[in-house]
Amino acid sequence: MAASRAPVSAAAADGGIEENAMAILDSSGIKDSRDLHDDRAAFLDAVRSACLAGDNPSAPSWGILILRNSSSLELAVASFSLLLELGKQYPRTYLTNSGAHQVLVVVKESWLPFLLGNDTICTDIGGNARNSDHLFDPSRFSLLIENMVEPTDTTDANNEMKSIKNMMLFQYLVNTLEADFVLRHVAYKVTRLGDFQGISVKYASEGSRKLVFKSLVKNCIYLVLNHYHHEAEDAVEDSIPSEGHPAKSESDTNSSLNFSSFELGRTLESVQKLFVMVMNLDLIRKEADTLGLTSRADGFRNSIMEIFLDELTYNISYLSPFLLAFADWKWKLEIILQYFSKYCGKAAVRTRRSDNSQQDLTLESVLSFFLTTTSAKAMAKKMSSEVAQLLLAHAYQVCLSVQGDSRNTTATTEKIGASLQQISCSFISAFQNLQKINLNIQISPFEKEALFTAATLTRKLKNEER
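Residues numbered from 1 in each chain as written. Predicted model: local features only at pLDDT ≥ 70, side-chain atom pairs only at ≥ 80, totals over all residues. Heavy atoms only, no water.

**Student:** When you look at the overall build of the protein in this model, what are you seeing that I'm missing?
**Tutor:** Along the backbone of the protein there are 18 helices and 2 strands. When each of the 466 residues of the protein is scored for burial, the buried share is 45%. Long-range pairs, those at least 24 residues apart, make up 75% of the contacts in the protein between residues at least 6 apart in sequence. Summed over its atoms, the accessible surface of the protein is roughly 24,300 Å², and 51% of this surface lies on carbon and sulfur atoms. (Helix = DSSP H or I, 4+ residues; strand = E, 2+ residues; numbered from the N terminus. Buried < 20%, exposed > 50% of the residue type's maximum accessible area, 1.4 Å probe, protein only. Contact = heavy atoms within 4.5 Å. Areas by Shrake-Rupley, 256 points an atom, 1.4 Å probe, with all protein chains shown as cover.)

**Student:** Before we go on, may I ask you to explain the packing of helix α12 (residues 329-341) against helix α15 (residues 385-403) in this structure?
**Tutor:** The axes of two packed helices give the description: the angle between them and the distance between them. Where α12 contacts α15, the axes come no closer than 10 Å and their chain directions differ by 150°. In terms of their interaxial angle, α12 and α15 are classed as roughly antiparallel. Once α12 is placed against α15, the crossing between them reads as left-handed. Packed against α12, whose contacting residues are Trp329, Lys332, Leu333, Ile336, Tyr339 and Phe340, the element α15 presents Val387, Ala388, Leu391, Leu392, His394, Ala395, Gln397, Val398, Ser401 and Val402 at the interface. For the contact of α12 with α15, the residue count by class is 12 nonpolar, 3 polar and 1 charged. (Axes fitted to C-alpha atoms, helices over the stretch in contact; angles between N-to-C directions. Parallel < 35°, antiparallel > 145°, perpendicular 65-115°, else oblique. Left-handed = near helix turned anticlockwise from the far one by under 90°. Nonpolar A, V, L, I, M, F, W, Y, C, P; charged D, E, K, R; others polar.)

**Student:** Any chance you could explain the packing of helix α17 (residues 420-437) against helix α18 (residues 445-465) here in plain terms?
**Tutor:** Where α17 contacts α18, the axes come no closer than 9 Å and their chain directions differ by 135°. As the angle between them shows, α17 and α18 are arranged oblique. Here α17 runs over α18; the crossing is left-handed. When α17 is examined against α18, the residues Leu420, Gln421, Ser424, Cys425, Phe427, Ile428 and Phe431 are found in contact with a partner set consisting of Glu447, Ala450, Leu451, Ala454, Ala455, Leu457, Thr458, Leu461, Lys462 and Glu465.

**Student:** Quick question: what am I supposed to make of the pairing of strand β2 (residues 101-106) here?
**Tutor:** Of the pairings in the sheet, the one linking strand β1 (residues 93-98) to β2 comprises 6 bridges and is antiparallel in character. Within the sheet, the bridge partner assigned to Ser98 lies in β2 and is His101. The turn linking β1 back onto β2 is made up of 2 residues, and Gly99 within it adopts a positive phi angle of 70°. (Pairing = 2+ DSSP bridges.)

**Student:** Explain the environment of Gln435 here, please?
**Tutor:** With respect to the helices and strands, the residue Gln435 is situated in helix α17. In this structure the C-alpha to C-alpha distance between Gln435 and Ser385, which are 50 residues apart in sequence, comes to 8.5 Å. Sequence-distant contacts of Gln435, that is, excluding residues within four places in its chain, are made with Gln389, Ile441 and Ile443.

**Student:** Help me understand helix α10 (residues 304-314) in this model?
**Tutor:** Given 3.6 residues to a turn, an α-helix orients residues that are three or four positions apart in the same direction. For α10, the tally of buried residues reaches 8 of 11 residues, placing the bulk of the element in the interior. Every buried residue of α10 is listed here: Ile304, Met305, Ile307, Phe308, Leu309, Glu311, Leu312 and Thr313.

Written out as structure tokens, the structure reads:
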């Protein structure tokens, strides 16, 4: 993963572009017009030519902040695409070979859309602070997510455009975080805790001190649920013109709504990327804490897993859509196992710098709690039979997905704890025992499909053994 070349240091792209950039972008008091649209389109072309094309392109020395102040979907998409290309061309972090190992290099001069540390003034355009309102500190990042959760009037073109731009902006910010985090995570795996402080400051301390982390995670969960309900409707309601709202053509309406639906799907992917980054960070923090390598200066917050479990436990209606929408098999299984662990006996007490004295649950051990009617009845007293069925069905789906995934990791296989045939047999037995203790229990189509697959695979695998 070493970079073929070090990124160009942040230098002025083109003097003419920088001198006129803010005049073009600052449209306060000016309504969208064809001239303004043309100016902005020309600006994008100029940035692309100076920073991405030509024989000697150079990195922009300030943020290309152009996902705002325009009702043009064309400009918003072009701006989003340009920002992603600039991020790939001029990464802030990259890996380079140093002897037998790869080391992380941070280009500190490169521009970021975030305010970090104690920075309150943006260094954009020669240190001028007037552009700092474009940057995102953790509080503003949280506010962006809150705005995305709010219902949008799809009959209002301006509201629809604002919603689309917010989604694209969120995707860009998460992509920026991911590009930095992934390489730091790789470097961490090589050096173990050598780069922990860099990750801690960027993703843990800042986030925990400047925003209510739980609120951010809850809003992200709502985004996941909104996407599920949007998909369940299977169609977007037709826009009905009302007084004061002139009708748009059917083709324009369908185009805008279809694009909004597409961006909603991509936003869901970004939400899950954010979830996975934070869960990986929590693992790093847990390991560092065990080894005594953290301090109060690193900050403290509840893990994202604890927030997931609280929300999904006290809002049972969230459980099914959340699991259906969550696509990362490794972490989906981990969420399910952690959910069961709340009801499978008390966790072992662990001091700060000691290892766990109790092994983590595996799917095999969870299924063992349902292998007899007596044990299944005991579990049903702690958690409803319906919830148990739902969780087991999703866990079995993970097993099938892992089995057919060439990227199957040892860690996930260990979390399953048994062969597919053994899991299939135990899964069927668990459902049978849950039905015995609750004759009126309903089985959803998803659960029926899982049972049918388990029965089919069990017969097939047993026949192959003969």
